[in-house]
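# Chains, contacts and geometry: an overview
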Amino acid sequence: MYQTIDKKSEIVMKLLHYFITEKDYNPVILQGADNEIWLENMDGEYRIVRIVSNHIHNDEQLAFDAFKTRRVVKKIKKKTVTFNMNVLTIYTDLGDNVDIDKVNGMDCMYIEDVKDIDKYDFVKKHFPDIKKKLKFTEEGMQLFIKITSEINSKNRRDAEMVNEVFEEKKPVVTNTLIFINVMIFILSAFDYPNILEMFGNHAISVVRYGQYYRLFTSMFLHVNIVHLLFNIYALYIIGSQVENYLGRTKYIIAYIFSGLCGSILSCALSPSNTLSVGASGAIFGL
């Protein structure tokens with residue numbers, strides 16, 4: 001038996017499909033938000049997109065809807081520490097005398113059919129492909145199955161990407177850095193004072209004599225066993241997580257860059273005759 005979907009539900013499904021699969025918006029779960037769907041993309045042209053399927057009878061009900069929306073957006077701003085949050089509200093069911101141009105502080109559009117998009121230049125400017133993407137050859141339950149299937153596929157891909165990023169991996173670089181620091185400490189113990197003087201961070205030697213290598217070598221030297229243990233413990237705890245998140249190449253770049261910045265700051269802020277060593281600058285950067 002051929003089953004149909006009412007026109008309003010159909011346009012809502014198409015809009016959901018477009019914003020989720022094409023523009024990477026994600027649903028926002030809100031209590032008490034009946035007959036409306038909130039979508040969020042903090043990198044989008046509009047950070048919040050609302051799809052409202054509830055029937056708006058008159059301008060007074062429209063004004064209340066706008067007031068309620070601004071109040072929710074204000075809460076989202078506080079939670080996300082965001083100062084500017086553009087909102088696009090898409091109405092799908094308005095009374096004959098309702099004027100959405102009276103709504104201040106957010107862009108609004110009224111869509112009963114895909115062709116209605118032509119009325120809103122600001123929407124075509126930010127989403128130039130929206131009209132094309134809302135056209136489907138499928139109808140009825142075939143359309144419903146296609147849209148839900150593609151949205152579910154998008155959600156699965158996103159979930160797999162998140163798992164790939166956050167799944168626990170062996171911290172190869174972190175363990176290597178710990179090994180290097182420990183081995184250098186053991187080797188330097190045989191000639192402790194001279195090693196520190198030759199490779200420690202010393203402002204006069206760096207600035208006046210151009211011994212810039214000290215900015216790098218000082219990152220792997222430690223004064224004593226307590227200094228070493230504290231740093232490698234912090235490196236193991238923090239470094240393992242950062243390496244897991246950034247990946248090995250970016251992690252190495254972040255570690256070395258942070259360590260060099262720490263060495264430069266040490267030269268700039270410490271007394272000129274001070275000798276500084278340790279991995280704490282790189283770890284602080286991580």
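In case you missed it, the structure is sitting above this.
It should be emphasised that the depicted structure is a prediction, and the values quoted were computed from it without experimental measurement.

### Re the nonpolar core
Counting residues in each nonpolar core, the largest one holds 47 residues, and the members touching the most others are L15, F19, V49, Y91, F127 and I130. When residues in this core are grouped by element, the largest group, eight residues, is from helix α1 (residues 7-22). Counting residues in hydrophobic clusters, the runner-up holds 16 residues, among them V173, F220, I232 and A282.

### A word on the pattern of salt bridges
Counted by the stated rule, this structure contains 16 salt bridges. Three or more residues are tied together by salt bridges with common partners; here these are E36, R50, D65 and K68.

### Some thoughts on empty space enclosed by the protein
Over the atoms rolls a probe the size of a water molecule, and in doing so it shows where empty space is left. Counted according to the given criterion, the structure contains one cavity of 30 Å³ or more. There is about 40 Å³ of room inside the largest cavity. Along its surface, the largest cavity is lined by N201, H202, A203, S266, C267, S270, P271, T274 and S276. The set of elements that each furnish at least two residues to the lining of the largest cavity consists of β6 (201-202) and α11 (248-269).

### Focus on the environment of V223
Along the chain, V223 falls in the loop between α9 (213-217) and α10 (225-246). Once residues within four sequence positions are removed from consideration, V223 is found in contact with F185, Y192 and V277.

### Here's the deal with the state of the cysteines
One pass over the full model with this rule turns up zero disulfides. Just so you know, C261 is unpaired, no disulfide at all, and the nearest cysteine sulfur is the one on C267, 12 Å from it. With a relative accessible area of 30%, C261 lands in the partly exposed category.

### A look at the packing of helix α6 (residues 172-188) against α10
If you want to describe how two helices pack, look at the angle between their axes and the distance between the axes. Relative orientation of the contacting elements α6 and α10 amounts to 170 degrees, with a least axis distance of 8 Å. What the angle tells us is that α6 and α10 run roughly antiparallel. Regarding α6 and α10, the two cross each other, and that crossing is right-handed. Facing V172, V173, T174, N175, L177, I178, N181, V182 and F185 of α6, the residues of α10 in contact are I225, L228, I232, L235, Y236, G239, S240 and E243. Classifying every residue of the contact of α6 with α10 gives 11 nonpolar, five polar and one charged.

The rules behind each value
Residues numbered from 1 in each chain as written. Predicted model: local features only at pLDDT ≥ 70, side-chain atom pairs only at ≥ 80, totals over all residues. Heavy atoms only, no water. Core = buried A, V, L, I, M, F, W, Y, C linked by side-chain atoms within 4.5 Å. Buried < 20%, exposed > 50% of the residue type's maximum accessible area, 1.4 Å probe, protein only. Helix = DSSP H or I, 4+ residues; strand = E, 2+ residues; numbered from the N terminus. Salt bridge = Lys/Arg side-chain N within 4 Å of Asp/Glu carboxyl O. 1 Å grid on protein atoms, 1.4 Å probe; cavity = no way out; pocket = protein on both sides within 12 Å on 5 of 7 lines; lining within 4 Å. Points joined across faces, edges and corners; volume = space filled by probe spheres on them. Contact = heavy atoms within 4.5 Å. Disulfide = S-S within 2.5 Å. Axes fitted to C-alpha atoms, helices over the stretch in contact; angles between N-to-C directions. Parallel < 35°, antiparallel > 145°, perpendicular 65-115°, else oblique. Left-handed = near helix turned anticlockwise from the far one by under 90°. Nonpolar A, V, L, I, M, F, W, Y, C, P; charged D, E, K, R; others polar.

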